[in-house]
Amino acid sequence: MNAPRPESAPPAPAGSFLRRIAWHWRHDEKCELWIGWWTLVVFYNLYGLLFFVITRTQPPPEPSLDPMEVVQWFGDRRHGLLYGYALVFIVGGATAIMNATLAYSIRRMSVSRAFAYSYLVIYALATLPGMLLMGVACTVGAMRPDRDPAVMSWLYDLAFLSFEGTMGVFLIGSLIWMAAVLLDENGVFPKWFGYLNLCNALTEVVVAPAWIFQSGAFAWDGSIAWWINMGVFVIYTTAFLTLLRRMILREDFGTGPLPELATDPAAGSAP
Amino acid sequence: MPRRADGEVLLLWTLPVLGVVWLSAFLLFPGFVEPMSPTMSAEQVAAFYRDPQNLPRIRYSMIAFNWFAVGLIPILALIVLQIRRMAHRTPIFSYAMIACAAGGPTIFLMANLFWLLAAFRPERDPELTLLLNDLAWVTFSSQVGFLIAQSVILAVAIHLDRQERPVFPRWVAHFNVVVAALLIPAAFTGAALTGPVAWDGVLTFWVRNLAIGLWIAVMAAVLARAIGRQRAEDEAAAA
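Residues numbered from 1 in each chain as written. Chains lettered and ligands numbered in written order. Predicted model: local features only at pLDDT ≥ 70, side-chain atom pairs only at ≥ 80, totals over all residues.

### A word on the overall build of chain B
Here is step 1 of the chain: Helices and strands together make up the secondary structure of chain B, namely 9 helices and 0 strands.
Here is step 2 of the chain: For chain B, the succession of helices and strands along the chain, N to C, is α-α-α-α-α-α-α-α-α.
Here is step 3 of the chain: Here chain B holds 239 residues, and the buried ones make up 44% of them.
Here is step 4 of the chain: Intrachain contacts of chain B at a sequence separation of at least 6 include 74% that bridge at least 24 residues. (Helix = DSSP H or I, 4+ residues; strand = E, 2+ residues; numbered from the N terminus. Buried ≥ 20, exposed ≤ 12 C-beta atoms within 10 Å, placed from the backbone. Contact = placed C-beta atoms within 7 Å.)

### Comments concerning the overall build of chain A
Here is step 1 of the chain: The secondary structure content of chain A amounts to 10 helices and 0 strands.
Here is step 2 of the chain: Helices and strands appear in chain A in the N-to-C order α-α-α-α-α-α-α-α-α-α.
Here is step 3 of the chain: By its C-alpha atoms, chain A is 65 × 40 × 30 Å across when sized along the principal axes.
Here is step 4 of the chain: Considering only intrachain contacts with a sequence separation of at least 6, the fraction spanning at least 24 residues in chain A is 69%.

### Notes on the environment of Leu81(B)
All names here are of chain B.
Here is step 1 of the chain: You can see leucine 81 is positioned in helix H4 (residues 73–84).
Here is step 2 of the chain: Residue classification places leucine 81 among the partly exposed residues on the basis of 19 C-beta atoms within 10 Å.
Here is step 3 of the chain: Linking leucine 81 and isoleucine 227, residues 146 residues apart in sequence, is a C-alpha distance of 9.8 Å.

### Here's the deal with the nonpolar core
Here is step 1 of the chain: Counting 142 residues, the largest nonpolar core has Ala96(A), Ala100(A), Tyr119(A), Leu120(A), Ala96(B) and Ile153(B) as the members making the most contacts within it.
Here is step 2 of the chain: Contacts of Ala96(B), omitting those with residues within four sequence positions, involve Ala96(A), Ile97(A), Ala100(A) and Ile153(B). (Core = buried A, V, L, I, M, F, W, Y, C linked by C-beta atoms within 7 Å.)

### A look at the interface of chain B and chain A
Here is step 1 of the chain: Chain B puts 41 residues into the contact, and the matching count from chain A is 40 residues.
Here is step 2 of the chain: At the level of secondary structure, the elements contributing two or more residues to the side of chain B that touches chain A comprise helix H5 (92–120), helix H6 (126–142) and helix H7 (145–159) of chain B.
Here is step 3 of the chain: Its residues assigned to classes, the side of chain B that touches chain A shows 25 nonpolar, 11 polar and 5 charged. (Nonpolar A, V, L, I, M, F, W, Y, C, P; charged D, E, K, R; others polar.)

### What about the packing of helix H6 (residues 113–143) of chain A against helix H7 (residues 149–165) of chain A?
Two numbers describe a pair of packed helices, the interaxial angle and the distance between the axes.
All names here are of chain A.
Here is step 1 of the chain: Close contact between H6 and H7 brings their axes to 7 Å; oriented N to C, the two are set at 160 degrees. As judged from the angle between their axes, H6 and H7 are roughly antiparallel. For the pair H6 and H7, the crossing hand works out as left-handed. Note on element contacts: H7 touches H6 through Met152, Leu155, Tyr156, Leu158, Ala159, Ser162 and Phe163, opposite Pro129, Gly130, Met131, Leu133, Met134, Ala137, Cys138, Val140 and Gly141.
Here is step 2 of the chain: Per-class residue counts for the contact of H6 with H7 are 13 nonpolar, 3 polar and no charged. (Axes fitted to C-alpha atoms, helices over the stretch in contact; angles between N-to-C directions. Parallel < 35°, antiparallel > 145°, perpendicular 65-115°, else oblique. Left-handed = near helix turned anticlockwise from the far one by under 90°.)

### Overview of the confidence of the model for chain B
All names here are of chain B.
Here is step 1 of the chain: Across chain B, the average pLDDT comes to 94, with 99% of residues at or above 70.
Here is step 2 of the chain: The secondary structure element of chain B with the lowest average pLDDT is helix H1 (residues 2–28), at 89, and the one with the highest is helix H8 (residues 170–183), at 98.
Here is step 3 of the chain: Interface confidence in the predicted complex, given as ipTM, is 0.94; pTM for the same model is 0.92. (pLDDT = per-residue confidence, 0-100.)

### A closer look at unusual backbone geometry
All names here are of chain A.
Here is step 1 of the chain: With an omega dihedral of -10 degrees, the bond running from glutamine 58 to proline 59 counts as a cis peptide bond.
Here is step 2 of the chain: Unlike most non-glycine residues, arginine 56 shows phi in positive territory, near 50 degrees.
Here is step 3 of the chain: Here phenylalanine 253, not a glycine, exhibits a phi torsion of approximately 60 degrees, which is positive.
Here is step 4 of the chain: Within the secondary structure, phenylalanine 253 is located in the segment after helix H10 (223–250).
Here is step 5 of the chain: A residue is classified by how many C-beta atoms lie within 10 Å of it, and phenylalanine 253, with 12 of them, is exposed.

### Quick look at H6(B)
Here is step 1 of the chain: Compared with an ideal rise of 1.5 Å per residue, which puts 17 residues at 24 Å, H6(B) spans 23 Å between its outermost C-alpha atoms and is within 8% of the ideal.
Here is step 2 of the chain: The element H6(B) is largely enclosed, with a buried count of 15 among its 17 residues. (Expected span 1.5 Å × (residues − 1).)

### Structural notes on the environment of Tyr123(A)
Residues and elements named next belong to chain A.
Here is step 1 of the chain: In this structure, tyrosine 123 sits in helix H6.
Here is step 2 of the chain: Remark: the alpha-carbon pair of tyrosine 123 and methionine 98, spanning 25 residues in sequence, is separated by 9.6 Å.
Here is step 3 of the chain: In this structure tyrosine 123 touches Asn99, Val169 and Gly173, once residues within four positions along its chain are discounted.

### Observations regarding the packing of H7(B) against H8(B)
Residues and elements named next belong to chain B.
Here is step 1 of the chain: One way to put it is that H7 packs onto H8 with a least axis distance of 8 Å and a crossing angle of 160 degrees. It follows from the interaxial angle that H7 and H8 lie roughly antiparallel. Here H7 and H8 pass one another in a crossing that is left-handed. In this structure, H7 uses Leu147, Ile148, Ser151, Val152, Leu154, Ala155, Ile158 and His159 to contact H8, whose residues at the interface are Arg170, Val172, Ala173, Asn176, Val177, Val179, Ala180 and Leu183.

### Thoughts on the environment of Val9(B)
Here is step 1 of the chain: In this fold, Val9(B) is placed in helix H1.
Here is step 2 of the chain: With 222 residues separating them in the primary sequence, Val9(B) and Arg231(B) have C-alpha atoms 9.5 Å apart.

### A short note on the confidence of the model for chain A
Residue and element names in this part refer to chain A.
Here is step 1 of the chain: Summarising the model, chain A shows a mean pLDDT of 90, and 93% of its residues fall at 70 or more.
Here is step 2 of the chain: Note that residues 1–7 has pLDDT below 50 and, in this model, 10 contacts with residues that lie over four places away or in other chains.
Here is step 3 of the chain: Contacts from residues 266–271, a stretch scored under 50 in pLDDT, to residues over four places away or in other chains number 11 contacts.

Now the structure itself:
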């Protein structure tokens, strides 16, 4: 990250999609940032597809199923679980580049590097209890349909409680991002996004009763623990993807305030 | 500052020692040399852990892995430092590599804990020993995500390292793409109890583990060259 590129790049071609991608790969000085941004966009969509459609583990089923019903639950979606989570395992490491890109946005702010580093480490460790452990539990459950139902019930709890009940990393991670946005004088993100981080952090607080209640609004499939959580998460993700794209368009690779976009939205060169 | 690179050479020389420890622990664990079959019944799995010939070998090999699994992290940190020397505009790739360096060994440690737990009370209900054994093998075999990401990140980072003398030669990028591809089938471990993707299968066990071993050896060699060159440049600058 020390040598600037030669600045004599030819203008972006107007040709096919592939030719435009090739141009950005060869000449766009923001190529690294766009790789990070597109990884975020593609993988959030892919994770949505894998969790909601292929494995059918979201929205979550009821925590109150008895062991025989749990065995039935695993049996009903056996191949979806086995193949869906295999795909999650293959692409799961993409979270590293996603979190690195978000950590870079914090590094671009006028705050201590401690914020970016904490964010990076917190979200790197979150992947394991927050996502991969659920995949392991569902795979182990689905691979032997004749397993003791009591053990299946334990795997079912492990899957959903590790996924939803891993709270602190997202709670503290969001608060660190919030503090960085509010302290930042480079205008990387608008201040309202700082407060949106607070909303996201609060959803992790209201999830806590999922560790206690086996049914009702506070249970892991309940209207409070799941639906509000998911609603805020979708708004939050959409907001930061949009803001991150604007940040990349505005990026000047300096350390001072980020310049504002020219009024003509076509002036940017987003691929 | 030549002393800085000297410290890096020291870290790099921990790798042959680590390799010997890993290989010894691998040979010591009775479930690896002829990998345990996923088709074993709960009683057979329990008998494997209860066998007085196996039990100490399971425990000692897994204790050794527990001690030395994270020994690879300093080597990954050296790769992070080489990524930082590349002609990039942002630290995104070195950040992402740090995230992978934390993820991969942690996952291996989880599998290690499940194996040690299964061996801790071999008299446990066979259904529970089977569960711990499944959790260990599935975690160990299927969790290739960070390893794949690490190779893809390196490949992209090397391609974007556009300078007169790139940090790593271009073929290292291609090599990493091949390794990433070889790791993919192991993710499907859970889907088959027999055949090449089962956890004792050719693709999931042998190809995957040999690919990881080869990756470590090749990356260590190119790392040694890059650090050597860096040291020579530092010395020339200091003279």
